[in-house]
Each structure stands twice: as structure tokens, then as C-alpha cells.
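The primary structure of each chain is shown beneath.
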Amino acid sequence: MTNRFRTPSGGRIDRSAPVSFRFDGKTYSGYKGDTLASALIANGVHLLGRSFKYHRPRGILSAGSDEPNALVAVARDAARVAPNLRATQVELYEGLSAESQNRWPSLAFDAGAINDLAAPFLPAGFYYKTFMWPAGAWKRFYEPKIRAMAGLGKAPTLPDPDRYTQNYAFCDVLVVGAGPAGLAAALAAAESGARVILCDEQAELGGSLLAEVGATIEGKPAQAWLADTLASLSKHENVTLLPRTTAFGYFPHNMIALAERVSEHLAAPDHDLPRERLWQVRATEVVIASGAHERPLVFPDNDRPGVMLADSGRTYVSRYGAKPGDRAVIFTACDSGYRTALELKAAGVTIAAIADLRPQLHGELPSRALAAGIDVRPGTVVTGTSGRLRVSSADLAKVSGGAVGRSETIACDTVLMSGGYTPSLHLFSQSRGKLVWDAASGSYLPGTSVERERSAGACRGVYGLNAVLEDGYAAGEAAAKAARDTASPQRGATPVNGASSRSFKAEAPDLGNDGFIGATPHNRNPAFAKAFVDWQNDVTSKDIKLATREGMRSIEHMKRYTTTGMATDQGKTSNMNALGIVSEALGTPVPQIGLTTFRPPFTPTTFGIFAGEARGDLFDPVRKTPIHDWAAEHGAAFEDVGLWKRAWYFPKAGEDLHAAVARECKAVRASVGMFDASTLGKIEIVGPDAAEFMNRMYTNAWAKLEPGRLRYGVMLREDGFVMDDGVVGRMAPDRFHVTTTTGGAPRVLAHMEDYLQTEWPDLDVWLTSTTEQWAVIAVQGPNARAVLEPLVEGIDLGKEAFPHMSVREGRICGVPTRLFSVSFTGELGFEVNVPAEYGRFIWEAIHASGERFGITPYGTETMHVLRAEKGYIIVGQETDGTATPDDVNLGWAVGKAKKDFVGKRSLARASMSAPDRKQLVGLLTTNPATVLEEGAQIVADPTAPVPVPMLGHVTSAYHSAVLGRSIALAVIKGGRARIGQKLSVPMPGSVIEVEVVEPMFYDPKGERLNA
Amino acid sequence: MLIITCPWCGARPELEFRYGGEAHIARPADPSTLTDEEWADFLYNRTNPKGLHAERWRHVHGCGRFFNAVRDTVSDFFVVTYKAGETRPDIAGDQAK
Ligand SMILES: [Zn+2]
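Quick caveat: nothing in here was measured; it's all calculated off a predicted structure.

## Some remarks on the overall build of chain B
Step number 1: Scanning chain B for helices and strands turns up 1 helix and 6 strands.
Step number 2: Traced from its N-terminal end to its C-terminal end, chain B shows the element sequence β-β-β-α-β-β-β.
Step number 3: When the backbone C-alpha atoms are referred to their principal axes, chain B occupies close to 40 × 30 × 20 Å.
Step number 4: Out of the 97 residues in chain B, the part that is buried amounts to 39%.
Step number 5: For chain B, the accessible surface area stands at approximately 5400 Å², while carbon and sulfur atoms represent 50% of it.
Step number 6: Positive and negative side-chain charges in chain B, numbering 12 and 14 respectively, have mean positions lying 8 Å apart.

## Concerning the domain arrangement of chain A
Residue and element names in this part refer to chain A.
Step number 1: Along its sequence, chain A is carved into domain 1 (14-117), domain 2 (164-292 + 423-499), domain 3 (296-419), domain 4 (546-604) and domain 5 (914-1010).
Step number 2: Taken over C-alpha atoms, the centre of domain 1 sits 29 Å from the centre of domain 2.
Step number 3: On the domain 2 side, the residues contacting the 9 residues of domain 1 number 11 residues.
Step number 4: Between domain 1 and domain 2, the buried area comes to about 700 Å², and carbon and sulfur atoms account for 38% of it.
Step number 5: The interface formed by domain 1 and domain 2 holds 1 salt bridge in total.
Step number 6: With its nearest N and O atoms 2.5 Å apart, the salt bridge here joins Glu 91 to Arg 244.
Step number 7: Counting across the interface, domain 1 meets domain 2 through 5 residue pairs in polar contact (both at pLDDT 80 or more).
Step number 8: In terms of residue class, the side of domain 1 that touches domain 2 is built from 3 nonpolar, 2 polar and 4 charged.

## Observations concerning the nonpolar core
All names here are of chain A.
Step number 1: Grouped together as the largest cluster of nonpolar side chains are 48 residues, with contacts concentrated most on Phe 21, Phe 23, Leu 36, Leu 48, Leu 96 and Ile 354.
Step number 2: Here this core gets 6 residues from one element, more than from any other, and that element is helix α1 (residues 36-42).
Step number 3: Residue-level mapping places this core at the junction of two domains, with at least three residues from each of domain 1 (14-117) and domain 3 (296-419).
Step number 4: Leaving out residues up to four positions away in the same chain, Leu 36 has contacts with Phe 21, Val 72, Ala 87, Val 90, Leu 92, Leu 96 and Ala 98.
Step number 5: Within the second largest apolar cluster, 41 residues are counted, among which are Met 731, Trp 774, Val 894 and Ile 967.

## Re the interface of chain A and chain B
Step number 1: Each partner contributes to the interface: chain A provides 28 residues, whereas chain B provides 27 residues.
Step number 2: Buried area between chain A and chain B, both sides added, is near 2300 Å², and the carbon and sulfur share of it is 51%.
Step number 3: When the area that chain A buries against chain B is broken down by residue, the three leading residues are Glu 718, Gln 757 and Arg 905 of chain A, summing to 26%.
Step number 4: Across the chain A-chain B interface, the total number found is 5 salt bridges.
Step number 5: Among the salt bridges present, the one from Lys 899 of chain A reaches Asp 30 of chain B, with a minimum N-O distance of 3.8 Å.
Step number 6: Of all elements in the fold, only α19 (745-759) and α23 (904-907) of chain A reach the threshold of two or more residues within the side of chain A that touches chain B.
Step number 7: Among the elements that take part in the side of chain A that touches chain B, α19 of chain A stands out by supplying 7 residues, more than any other.

So, how was this worked out
Residues numbered from 1 in each chain as written. Chains lettered and ligands numbered in written order. Predicted model: local features only at pLDDT ≥ 70, side-chain atom pairs only at ≥ 80, totals over all residues. Heavy atoms only, no water. Helix = DSSP H or I, 4+ residues; strand = E, 2+ residues; numbered from the N terminus. Buried < 20%, exposed > 50% of the residue type's maximum accessible area, 1.4 Å probe, protein only. Areas by Shrake-Rupley, 256 points an atom, 1.4 Å probe, with all protein chains shown as cover. Lys, Arg positive; Asp, Glu negative; His and termini not counted. Charge placed at Lys NZ, Arg CZ, Asp CG, Glu CD. Domains from an automatic or database assignment. Contact = heavy atoms within 4.5 Å. Buried area = accessible area lost by both parts, 1.4 Å probe. Salt bridge = Lys/Arg side-chain N within 4 Å of Asp/Glu carboxyl O. Polar contact = N/O pair within 3.5 Å; in protein donor to acceptor, adjacent residues only side chain to side chain. Nonpolar A, V, L, I, M, F, W, Y, C, P; charged D, E, K, R; others polar. Core = buried A, V, L, I, M, F, W, Y, C linked by side-chain atoms within 4.5 Å.

Following this line, the structure appears as C-alpha cells:
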């Protein structure tokens, strides 16, 4: 039975290249040039899936990207599974394997079809009605059930092994759609010398011309003209032709996103090829030539497999040589149905009858149908169809003045319907262009443009081959001229086309522009008849009428209530019919009901194309310090701090984090440790007004800080809350070396630039980020001085010559250095700043010099523990954007005598010094072995009735090896007044008792700093 | 993606820029003379208009300069950009002028 429905000749398939493929495990054959849909049709297979809500059997409705039904999963292997592909767009290749979706256990017998019988319980808005009660049932019951039952396809669970790339491109004229209008536009623009990109979603460029068998253009058969035109376009160096490329998003200033399917259609794709390529095209002018979608007719049982759009049925015959059946009934409201009948009859399909909704026949095509002996029935509707998994008959009845007569059953194996054409407005609407209602054609058309674009051909309601070609050519000429004449970037041009300067002399049958929107009349019991409007979301005309009775008026409400048009096909086949039904039900003209907004993407787009190369190691940039490789070679474990990789701890054999940190902490306190602090943010602030600028940006007073001295600086936001902190060195009267937190560096620099540029442009100061110019090595511990002394030249490291919080410039191992005497551990300490390229060299030199003291490299975890033992805060850990300096015991750093600084006025608000503010304190657990959880809440009485008043939370908690017990920092309401009190930290299953203490656990007098 | 014209560098894509809030709100010369209400007004209250809005932008991935722009919040069209420190240009229909 292979290819029983294949025509003996004709079409664009390559009959010398048979292709074997599998659908639901069964092997079939087709030809190169087939889509999965056309090959299945040639094999007589119409049952392709089950519907979303009612699990009704569904077939192929269309021949293009507007397909709502025939969604399949195509799998190359376990990882390469693409669900929800439209079979009408899947190109056939040798070995292709596709599966139907949304059926269990099998396509022919589907248990979920019980939903069809239960349909009275699944009315419009059933999401809102049914699942409201009982609370909690949604998560436990409804959602998992709906997900399992609904036809959403299954995503593969393995990582995607394919590659996706991204391209930026620029052109004078981008033409979207390579049908007759787009081809003509591209020709015109190309001939004028413009840089042109022509893209089309189909495998072949040509659009409707690919199925055109009766027309001539410039004296040639249409398909010969197409071949010549493509050959001519491809000779232009200024033209880029992109087949298999969907323009899926229209963004401001003519930025159009294109998804190119590069290798999806190949049997054995070259590994060097990406699967897909994202083009981000910036076009000076855009010509939208996106054509029109044929509209279905909304009649009972119009969703049975074998019922399809008439022009799609014709396309399968004339383009793919695949007959949709042996015996067709055609239901039409326009002349397109007659063209289908004539071409199908010529291909050997019996036309059982043409039911024409219109009472009168006129025009060329109906006459030809009558002359061909076809049973043409004007004023006739289809009132239903029969057949279990495939249509086997259609019921036809006369309609006059709204009254539908008795039905006559006519045997058939396909029903082809046409309600006319809906211009494809998706891209125009995405560009924010205003739509206008055209009463003559009964459709919305592009109105005022917002971007520099123009529509051409059927997408703006121009029909008839010659008119479309000339409209396209005129648009291409006008776009190329506009691109030459108007400088980029601009928006909001109103397109004005001239007359086409080229005549195409195209001859093709006149299809007129009749059509119908809404639901056709029928004689069935309205309680049981299902006439589908939206095939993909299973919305019937009855659902829409019900929604109007329940008070929905705006089309936006209607859409959300019934879900019509909300499926992945974005209502390409359904929107206008839904509008028509609402219009009739409410007695309101269509343009007053409105139209829903079209949003990108035009068709579903893979996540891969958006991710591009930015995944895995390339997801984010990785920042490494100059000492990173040394740490890695010495077994460091790393943690991510922003984009930085920081050495977390340096485990020796057999050590876990806890053991390594305990050893590192003890080594620093007992002898000496070294730490890579290169990630600290650094800003060089230079200029005659540098000190004045520092005065305004930081809480501290800087005027009297002498060159050669360091000061701990606190920076506030204008609202008075701590923003950042860091040690600042005054290198010279007009030069400061500012450090910031690791994560805060860009924010602090931007904050400074903001004030300097916009509030105080009169200050003569320059700000330069030097974060990556300096490597910073902290040497901390009682033996720190002894380690550095042999290496340093030109700096007296003596206690008196170089006191705590000083900075000196000199050399270390011959390398220029800014040497800080500073401590973030509470021990005698130095920070060696050297040019980054010497970082590892100096690190190794210090390490060698420290060997005699057992110098111990330590990581961020030990750094955190050591500073917590001293109660030094970390901005962002002890502070959360609502802490004043006083809240975290930094009141001493606020220069109260200063007239002004950023945040000062806010600190003067009464609430900023209220006694019950959350204040930094220390916590000691009654059980010294218990380490609190950071973020845990603190209460006074855990037995108090819920909600228990929260006093604050734990900000830092560690085991201190040096103290032999746990320690914690916390912020607690009125905390300083609570020192000595016992409080509680309730945890799941237990309550931890703590004592509030001073936030200083080690060397409270600070004697070790000056050792 | 919008194209924004930096008054110093010219037309550049939107992703080189960072938004900086409403423009022409000068920090008071002596904040200590303000009442709490006046200070709160300076800190927090913004016009949030429907229509033309003067706002600060920074060419953060370019020259680094702050500048001002008048943008229509309805259409998301930039009407004009101008250097920091310059007065808001005269634009027909600008309610804020
Ligand atoms: Zn700039």
C-alpha cells in the first residue's frame, strides 16, 4: 500500500530519491522533497495525533507553519528529541523517526478520549471553574494530571548535544517571505544595488509559486519563472538568500530575529554545522511579504482526520504529488475551493460535491468546475462528518436565509474547506504597527507603521498573482529608495510606494476575495455538536458563545477565558473565526471587538538558539586572579564569588573543609598565613579635588589623612544605608588608592561616576578602575613581618616606621609595590600590592620566604572565620541594604563634623537612630558544639503564640578552631541593650539557646594588631 | 533592540546603555536645611509620566558618560538626547515644560 495516494507524476518531489522513514514505529517511504506530512498523506495516513483537551483523533489541517494539529516528536537519539514539531514543516530525510504525541496507550486507542464524552464538564473557562477547590488540590492532583493528559510533548531529559550559533547582520532591505511579493521586492531592491536579505521559513524559496501549476509570469510557466528569478537573485553579490529561516520576532529599530534551521533536515548532519543559527538583523528598511493564511470553516465535526484546508489539499497534490484522498467533498466560501477541486480532479481525485456557502455562483473558476461536470451546490453547508479515525462521509444541507434544510450524507475520504484568506499580520503587529479593519475584504490590514517597514502582497490584502508581483516590486523599489534617502537610525516612517516600474504580465485564475468568518449554520443539536474554532487548544464555537453569555466582552478576555488563539500556533487559523462568532453573539461589529496582540515568536523557537554558545564553560565569563593557577596546582577548592573563582580552602590529604579551615585558622593565629586578596575592587582616585570628592562620597573625614596612611572607609547610599566599605590609602595629597568589596567594585565606581559627572562636574577628579592591575597578597600572623622583611627594599617595616594602617611604596623582589600594613584577621598583617603580571612570582617568593615559619596559604572560608572572630563585618552579609553605620557598630567611622556627605541627611531622620533598630551583636550558643544556621531567626520566647515576634537573624556562624567553640554574628532589634540576655533560635525539631554578647570573640583589646 | 544616540559617541545599540532614572533632579546644595518631607520628596518621589519623560542614561559600555534623554513612555521612542548639564530641550506637546 506504499504511496497509494501518490500521483503518477508532477510536483517538486524527487522521484529518483526514495526516502525511508518511521512514524510511530512503522516504516514508510516517501521522496526527497516531501515533508513528513506530505509523505504520510501519500501513504494514506491522516491520523497524526490526539487533541489537547478532548483527546479527539486529529489529522493534518494545513501544509505550513499555521498547522495546529499535526504535532510530532522527531528523535535522532535519546538526547536529540524535538517535540511539538509541525509535521507540515518537517523535511523528510532517510531514517527520520517521528512519534505522535498526546496519546496513551496508542494513537488509535486513547484512554483520554473519555474527555470527549465528558465534554459537558470541560466548558469554556474550565480552568477557572473546576480547579478552584479544594485548596491545594491544584498542585497535588489537577496539575500533574493535566500535564500528563495534555498534548504538550515531552522534552528530552539529556543535555542537548547540538550546537547553536548566533549572527549579527546588517542590510538595506530585509524581505520577509519569498513568495511572489517577496521575490519581486527582493528583485527590485537588488537591482537598485541595495544590500538585501531575503528569508523564508520553507525549505525552498517561492512560497505559493511552489504549488502553482496553472499560471504564467512574463510568458513563462510560474515555476520556470521562479527558477530563473532565484538564479538571477543568487548572482547578485548584494543579496543573501536564506531558506529554512523564520523571521520570528520584530524588535524596535528594525531589529529582526531570524531562526535558520541549518542542519535539521539532513540525514547525517556534519558535526561542524550548527543545528540552528540565530540571525539578529538590523535592517534599514523591511518589506513584510508574509502572505495570508487560509481560514477553516467552523462546522460540526470539522476536526475529523481527513478534513483539511482546501488550498493545503491542493498544495499536497500540486507540489508534493500526494492526494489527500480518493473522493473529496469541498466546502467553500470563496473561489479558492474551486481551484482545489479542478487540480484534484486533474490528479485523479473524485470530487463528490462542492458545497458553496454562497447562494450565487459567478466567476471563472466556478464556471470551469461546472464545465468539468463537478456537482456544485450553491447555498449549501456541511453540517457534520462521520468516520471513527478518518472521515468517511459528510452531511450536506441547503441553507437559505439562515434556515438549514435536511442533510444528505455523501461518502468521501477527505473534506477540504476554505473560508477565504486571513492576511498574516504577525510581524507587522509585533512591530507595533496599527491595524485597520477593511470591511470590503472582511479582514484586518496593516495601517500606520511604527518602524521603517512596509507590507506587500497578500499580507496587506492584495490578491491576484499579477497584482501581488507588482505590489512586491513597488515595495522593493520604494524600500531601496528609502534606505538610500533616509539616514539610519530612524523610526516611524510612513511607507509610500510608487507604481511598479516593472510589468510581470502574470496570468492566473482569479480567486476573488470572498470569504466567511464565524461559524457556519447547521441543523444539529447545539448541545452535542462540536464545531472547532481553535484546533490546538480544542476550543469550539459553543465555548466562545458560552463565554459571551458569561459576560466576556473584550476579545482579550475572551481569549484568556476560552484559551482560543493561545496555543503555540498563535491562532493563525482561528483568530478571525473566533472574532466572527463573538461579533455575531454580541451583535457587535468585528472592528469594535478588537484584536488580540501578536507576540513573538511567530512559530515556536528552540531555547538553544537563544543560548547560542553561551552554555557550559561559556555561560558566563570566568575571572581568575594572577595566583589562580598556583592555587589550583596546590589543590585549592574554589568557590564562585560573582564571576570570580576564589580559592576557598587548601585541603591537605584526607582533610575536609572543616579540617582544612581549622588548620588554616590556627596557622594564621600561631605563625603566619597568606591569602590571595586580588579580587578586591580597586579604584584610583586622582586630582586636585580628590580629597574633597572622598569627603563627599564616604562617611569618613579625609582632609586630615596624611599621605602614607590608610583609613577604613564606609560608603552610604543617599538613603543612609551602608553600600560598601574598604580600606583606602592616601598615596599623595591628590591621590587615593581605594579598595572596595569584591562584588561591589563596579557598583561603587558607577556610584562615584554618577555623582562626579552629574552632581559635581566642577570637581577636578579622575576615577580609574585598577582592580585587575594589582595582585594583592595578604600576609597575616605574628610572623608576617619576618616573612616579608628579607624581600622588601626601600621600606622600613619596623613597628614605629611602619605602624598599623600605613602604606609605603617601595620594591619587593625588585618589583614595585604598594605595601599596606592592614589586617582583616586581627593579627599583625600586611597586604602586598604588586602589578598583576608579577602576582604569582611575588606569591611564590613570599611562600618560599615563609617556609621557615610554616607559612600556610588560606582561602576565603578561613578569611571569613578569622574576621568573624574579630567581629569585622562583611557588607552584604551583616548588612542587607537596611543597615546604618551605627547598626553595624561603625558609628565611629562617620565624620559627624562634616557638613555633608552622601547619605548624611538621611541619617538625621529620627527613625535612623531609633533604639529598637536591628543592631550587630555576637551570639554564643549554650552548647559550644552547635553551629547556628546563617539566616536563622531569633526570638525571645519560642513558646509564644504564633506568629512569634522575630527579633532578628543570624548573619554569620562558624566553628572557631582557635576558640574551640562555635561563634555567630547576628542583627537583633535593640541588640546592644540585650547583651547578656538569653534568646532562642527555633529550628525544625529543636530550639537552640543563645547568649547575646559583644561581637568580638578574640583579642578584644586589639593587642595582636601591633605585635 | 533600540538604538540610542549618545551625545558623545553617536548611535549605539541599547545594550551598551544603562538607565539612570528621572533627569533634572538636582541634589540639594545643603541637604541639612531640608525638612524630612522635602528630603523624602527628593529621594523617592518621581513624576512617572505617561508620555514624554526626561531621564538619565549612561553609555556604560562605551564612553561611560551620563547624558539625558527625552523618551516617550507610551511608544518607547527616544525624542532627543542631550548632554548632562544642558537644559531640557523644547519639544512640542511636552507637558512637563
Ligand atoms: Zn558614549
